Amino acid sequence: LKWGSVRTYVTAITDLWNTQKARNMNSNPSPRAASVKQLVKSLQRRDTAIAKENYADKGRETYLDGYSLKQFKELCMAIWKASSSDATGSSRGSATDSVSVSCYLRTLVDQLLGHFLLARGADRRVAEISDLHTFEFPDEGPTPCFPLIMTMRGSKTNQNGRLETMGAFRNKDPFICPLGAVGYYLLYRWDLTGEAFPDFTERSRWYNIRLLLSNSARTRGTAASTEPLAYNTQRDWITKVFAMIGLNSTKKTHLFRAIGAKLAELLGVSEEQISRAGRWTMEAIDRKSVV
């Protein structure tokens with residue numbers, strides 16, 4: 001493992017220890033002992049030396065290893081055009097067209113949730129439609145204001161069911177609007193494909209339906225709509241859409257969360273707001289050099 005992965009595991013274990021300590025459930029000393037810190041530092045020195053020996057790209061892990069706001073819009077526009085082309089092709093109505101269009105729209109929603117909600121790739125893969133809700137923000141302008149809110153009770157750094165929330169407002173540019181993309185994606189799934197509209201009469205009938213539909217659900221019907229999207233599928237489609245505009249990055253599924261935070265900082269968003277939106281501790285903010 002690289003030093004960053006080891007550090008992530010140490011942080012997760014330490015967070016769990018902090019929670020148990022606060023509840024008087026753990027009397028052991030902190031797992032982030034001096035020996036553990038030295039281990040992480042030694043791994044960091046090792047990885048730095050290896051990178052130098054291999055002439056690794058010095059633009060990695062910097063703002064250059066990502067996209068600009070202009071490139072982000074170009075990426076979204078490319079996906080919209082690709083999905084429209086497949087939907088209106090010569091073989092319109094075929095199973096291949098349906099799968100392709102749905103995958104493009106799914107990838108669009110995936111990247112918008114990562115960029116604007118600062119959601120991790122794993123969180124987006126397991127998200128369910130029951131995790132989404134909205135409510136009206138009064139007196140927020142001349143038109144009604146309904147944000148997209150996503151809740152989460154389990155993630156890489158949240159193993160105890162703690163409620164976490166993410167949110168985004170409607171974007172003035174419809175091509176990069178997360179609310180519009182989610183709406184179009186669900187409309188396509190439930191109105192233009194064979195997937196049945198959810199039965200909202202009982203929670204057990206719709207609570208487990210995934211927001212990002214897995215490939216197995218397309219081949220096996222709605223019975224598999226509760227299966228999470230596979231990491232390889234998520235990564236492969238992100239790589240595919242990156243190639244549309246010639247975007248190169250060492251990161252794929254995590255890129256949107258990272259660049260979304262960095263662009264927010266460049267636009268003047270405070271460190272505290274970025275930390276709250278991304279559910280980072282201040283220590284993590286400093287460590288990741290988001291600001």
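Quick summary incoming for the structure in this document. Just so we're clear, the structure is a prediction, and the values are computed from it rather than from any experiment.

### Let's talk about the pairing of strand β2 (residues 148-152)
Within β2, five of the five residues are buried, which leaves it mostly tucked inside the rest of the structure. Alternating positions in β2 separate into two faces, L148, M150 and M152 on one and I149 and T151 on the other, with burial throughout. Here strand β1 (residues 132-133) runs beside β2; their pairing, made up of two bridges, is antiparallel. Note on β2: the bridge partner recorded for L132 is M150.

### As for a nonpolar patch on the surface
There is a patch of nonpolar side chains on the surface, built from L69, L267 and V269 and spanning about 280 Å² of accessible area. Within the fold, L69 resides in helix α3 (residues 69-87). For L69, a relative accessible area of 45% puts it in the partly exposed group.

### A closer look at the packing of helix α1 (residues 3-22) against helix α2 (residues 34-53)
Between α1 and α2, whose axes approach to 8 Å, the crossing angle comes to 160°. Relative to α2, the element α1 is oriented roughly antiparallel. Considering how the two elements wind past one another, α1 and α2 form a crossing that is left-handed. Seen from α1, the contacting residues are W3, V6, R7 and V10; seen from α2, they are V36, V40, L43, Q44, R46 and D47. Taken together, the residues of the contact of α1 with α2 sort by class into six nonpolar, one polar and three charged.

### Quick look at the nonpolar core
In this structure, Y67, L211 and F242 are the most contacted members of the largest nonpolar core, which totals 47 residues. For this core, the secondary structure elements donating two or more residues are α3, α4 (95-116), β2, β3 (164-168), α6 (178-191), α9 (231-245) and α10 (255-266). Take this core: its biggest share by element is eight residues, from α4. Contacts of Y67, omitting those with residues within four sequence positions, involve F72, H115, L247, L255, F256, I259, G260 and L263. One finds A261, A264, I274 and W280 within the second-largest nonpolar core, a separate group that totals five residues.

### Re the sheet that holds β2
Strand order in this open sheet of three strands is β1-β2-β3, and the pairing throughout is antiparallel. Each of the sheet's edge strands pairs with one partner strand only, and the pair in question is β1 and β3. In terms of strand pairing, β2 meets β3 through five bridges, oriented antiparallel. Bridging from a neighbouring strand, M150 pairs with M166 of β3. On the sheet, α6 packs against β1, β2 and β3 and is oriented at approximately 80° with respect to β2.

### Some details on the environment of Y67
For Y67, the position within the fold is in the loop between α2 and α3. Y67 gets classed as buried once you look at its relative accessible area, which sits at 2%. Placed 180 residues apart in sequence, Y67 and L247 show a C-alpha to C-alpha distance of 7.6 Å. Only 2.8 Å separates the side chain of Y67 from the side chain of H115, close enough to count as a polar contact.

### Looking at α9
When the terminal C-alpha atoms of α9 are compared, their 22 Å separation across 15 residues agrees well with the 21 Å that a helix rising 1.5 Å per residue should span. Within the sequence span of α9, burial applies to T233, Q234, W237, I238, V241 and F242. Angularly, the buried residues of α9 cover 170° about the axis, an arc narrow enough to put them on a single face.

### What to know about the pattern of salt bridges
With the rule as written, the count across this model stands at 10 salt bridges. We note a salt bridge from R162 to E164, for which the minimum N-O separation is 2.9 Å. By relative accessible area, which is 8% here, E164 ends up buried. Between D236 and R235 there is a salt bridge, and its shortest N-O distance comes to 3.2 Å. Looking at D236, the relative accessible area reads 41%, which means it is partly exposed. Taken together, the shared-partner salt bridges connect D199, E202 and R205 into one network.

Analysis parameters
- Residues numbered from 1 in each chain as written.
- Predicted model: local features only at pLDDT ≥ 70, side-chain atom pairs only at ≥ 80, totals over all residues.
- Heavy atoms only, no water.
- Buried < 20%, exposed > 50% of the residue type's maximum accessible area, 1.4 Å probe, protein only.
- Helix = DSSP H or I, 4+ residues; strand = E, 2+ residues; numbered from the N terminus.
- Pairing = 2+ DSSP bridges.
- Patch = residues over 30% accessible without salt bridge, like charges linked within 9 Å, V, L, I, M, F, W, Y side chains within 5 Å.
- Areas by Shrake-Rupley, 256 points an atom, 1.4 Å probe, with all protein chains shown as cover.
- Salt bridge = Lys/Arg side-chain N within 4 Å of Asp/Glu carboxyl O.
- Axes fitted to C-alpha atoms, helices over the stretch in contact; angles between N-to-C directions.
- Parallel < 35°, antiparallel > 145°, perpendicular 65-115°, else oblique.
- Left-handed = near helix turned anticlockwise from the far one by under 90°.
- Contact = heavy atoms within 4.5 Å.
- Nonpolar A, V, L, I, M, F, W, Y, C, P; charged D, E, K, R; others polar.
- Core = buried A, V, L, I, M, F, W, Y, C linked by side-chain atoms within 4.5 Å.
- Polar contact = N/O pair within 3.5 Å; in protein donor to acceptor, adjacent residues only side chain to side chain.
- Expected span 1.5 Å × (residues − 1).
- Arc of directions from axis to C-beta.

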